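Structure at a glance
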Amino acid sequence: MATSILVIGASGQIGTELTLKLREIYGNKKIVASDIREGTEALMESGPFEVLDATDLQAVTKIVEKHDISEVYQMAAMLSATAEKHPMKAWDLNMESLFHILNLAREKKIKKVFWPSSIAVFGPNTPKNNTPQATIMEPATVYGISKQAGERWCDYFFKKYGVDVRSLRYPGIISYKTQPGGGTTDYAIEIFHQALKNKKYTSFLSENTALPMMYMDDAIQATIDLMEAPAEKVKIRSSYNLAAISFSPAELAGSIKKHISEFEIAYKPDFRQEIADSWPSDIDDSRAREDWGWKHKYNLDGLTKKMLAGVAEQLKIAE
Ligand code: SER
């Protein structure tokens, strides 16, 4: 087990729950959370936290040395919808934050790296259904371009310098504990808040836009399973396709209606529709299942139940 683990981007949607889970497994003090901004109360109070700009190499190096870090989860990134508004800023953040960690690992200052990729690495020319691990990848978004380039660099650092880097192509991750920020799949989170508050929701993606999705607990499980897998089982060092479920706004609304029968959905696609149209509907993750035993737990109705209960609890607390 690592001396200490650093999570960069720990206040974000995935970073928060990942940090809390790692603290539960390895002990609170061993997991150092860091982000440019403070996180939720649960995150801030459960263990060490450092304010950190992921693009500042000196600051990252200092924290790695100070806490005797041996593993890093580099979760900081600008997501797809925001990145389209700030292309150069997104490129700089997404690439610099990765390079710093890969280079620290190359210099043997850290031993193991996790870096998330995304379904956004695929593009309009990629087969839309059961998208293979290796296929045409011509991403049409800045976010996707940065993730695809990042994947190539991960593979390069593994092959050239023996860096133990591991990565997953996350689908849309659905959760309620921390707000998502700037993603195209975020409608599938907003919908639960609106369903409980107003019994209606206007989706920014069209009725039948199916995308690969996953409940947060599955994503965290996959991340930790991959990081704990023996090195020889991790045969793909760019990034693994990872899947659980696929649904459209209409299908998600149908699942919510089973619990809130008055719920109504309307559709008003905006600029994010074009992003979603360039992504696969569902992807083939058999390599992850074969190589290190990936298995998802939550289907659409299971995800809906957890989300409705979680968001309802939050609304009650906020009252
Ligand atoms: N959920 C992300 C987004 O929508 C995809 O990686 O940007």
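Residues numbered from 1 in each chain as written. Predicted model: local features only at pLDDT ≥ 70, side-chain atom pairs only at ≥ 80, totals over all residues. Heavy atoms only, no water.

1. Quick word on the layout of surface pockets
Rule in force here: Buried and open spaces are told apart on a 1 Å grid over the protein atoms alone, a cavity being a set of points where a 1.4 Å probe fits but cannot get out and a pocket being an open set with protein on both sides within 12 Å along at least five of seven lines. Residues with an atom within 4 Å of a point are the lining residues. Grid points are joined across faces, edges and corners, and a volume is the space filled by probe spheres set on the points. By definition, any uninterrupted DSSP run of H or I lasting at least four residues is a helix, any uninterrupted run of E lasting at least two residues is a strand, and each is numbered from the N terminus. Here the nonpolar group is Ala, Val, Leu, Ile, Met, Phe, Trp, Tyr, Cys and Pro; Asp, Glu, Lys and Arg are the charged ones; every other residue, Gly included, is treated as polar.
Within this model, the largest pocket holds a volume of roughly 830 Å³. Along its surface, the largest pocket is lined by 38 residues, and Met75, Ala77, Met78, Leu79 and Gly181 are the ones closest to its centre. Contributing elements (two or more residues each) for the lining of the largest pocket: α1 (13–26), α4 (80–85), β5 (112–118), α6 (142–161) and β7 (172–174). Classifying every residue of the lining of the largest pocket gives 19 nonpolar, 14 polar and five charged.

2. Details of unusual backbone geometry
One non-glycine residue, Lys108, adopts positive backbone phi at about 65 degrees. With respect to the secondary-structure elements, Lys108 resides in the loop between α5 (87–106) and β5. With phi around 60 degrees, Lys199 is a residue other than glycine that occupies positive phi space. Among the structural elements, Lys199 can be located in the loop between α7 (187–198) and β8 (200–203).

3. Focus on the nonpolar core
Selection criterion: Among buried residues, those of type Ala, Val, Leu, Ile, Met, Phe, Trp, Tyr and Cys that are joined through side-chain atoms within 4.5 Å constitute a nonpolar core. Burial classes: relative accessible area under 20% of the type maximum marks a residue as buried, over 50% as exposed, and values in between as partly exposed (1.4 Å probe, protein chains only). By definition in these notes, contact holds between two residues if any of their heavy atoms fall within 4.5 Å.
Phe192, Leu252 and Trp292 are the most contacted members of the largest nonpolar core, which totals 74 residues. The element that contributes the greatest number of residues to this core is helix α8 (residues 216–228), accounting for seven residues. Setting aside chain neighbours within four positions, we find Leu252 in contact with Tyr187, Ala188, Ile191, Phe192, Phe247, Leu300, Leu303 and Thr304. One finds Ile8, Val32, Val64 and Ala105 within the second-largest nonpolar core, a separate group that totals 23 residues.

4. Looking at the site of the ligand
The criterion, for reference: For each residue, the test is whether any non-hydrogen atom lies within 4 Å of the molecule or strand; if one does, the residue is near. Side-chain atoms alone can form a polar contact between residues adjacent in sequence; in general such a contact is a pair of N or O atoms within 3.5 Å, and within protein one must be able to donate a hydrogen while the other accepts it. Values of accessible area rely on a 1.4 Å probe in the Shrake-Rupley scheme; residue burial ignores everything except the protein chains shown. Grid points define the cavity or pocket, and a molecule sits in it when more than half of its atoms lie within 2 Å of them.
Every residue near the ligand is listed here: Leu79, Ser80, Ser118, Tyr143, Gly183, Thr184, Thr185 and Trp279. One nitrogen or oxygen atom from the side chain of Ser80 is found 2.6 Å from an oxygen atom belonging to the ligand. Take Thr185: an N or O atom from its side chain is 2.8 Å from a nitrogen atom of the ligand. Protein contacts shield 93% of the accessible area of the ligand, which totals 240 Å² for the unbound molecule. Judged by its atoms lying within 2 Å of the grid points, the ligand is housed in the largest pocket. Of the residues contributing to the shell around the ligand, the split by class is three nonpolar, five polar and no charged.

5. Structural notes on the sheet that holds β5
Quick note on the threshold: The criterion for strand pairing is that DSSP finds at least two bridges linking the strands in question. Here an angle of 0 to 180 degrees is reported between the N-to-C directions of two axes, which are lines fitted to C-alpha atoms, with helices fitted over the stretch in contact.
Taken in spatial order, the seven strands of this open sheet run β3-β2-β1-β4-β5-β6-β10, and their pairing is parallel. Where the open sheet ends on each side, the last strands, each with one partner, are β3 (49–51) and β10 (240–241). Alignment of β5 against strand β6 (residues 164–170), held across seven bridges, turns out to be parallel. Its bridge partner being in β6, Lys112 is matched across the sheet by Asp164. In the packing of α5 onto the sheet, the strands contacted are β1 (5–8), β4 (71–74), β5 and β6, and the crossing angle to β4 comes to about 165 degrees. Seen against the sheet, α6 touches β5 and β6 and runs at an angle of roughly 150 degrees to β5.

6. Considering the pairing of β6
Counted only if it meets this: Look down the strands so they point away from you; if going from the first strand over the helix to the second traces a clockwise path, that crossover is right-handed.
The buried fraction of β6 amounts to seven of the seven residues, a majority that puts the element mostly inside the structure. Burial along β6 is two-sided: Asp164, Arg166, Leu168 and Tyr170 facing one way and Val165, Ser167 and Arg169 facing the other are all buried. In this region the chain leaves β5, passes through α6 and returns to the parallel neighbour β6; the handedness of that crossover is right-handed. Where β6 lies against β10, two bridges are found, and the strand directions are parallel. Following the sheet pairing, Leu168 is matched in β10 by Tyr240.

7. Details of empty space enclosed by the protein
Enumeration over the complete set of coordinates arrives at one cavity of 30 Å³ or more. Put simply, the largest cavity is a space of about 30 Å³. Along its surface, the largest cavity is lined by Ala76, Asn94, Met95, Trp115, Ser146 and Lys147. For the lining of the largest cavity, the secondary structure elements donating two or more residues are α5 and α6.

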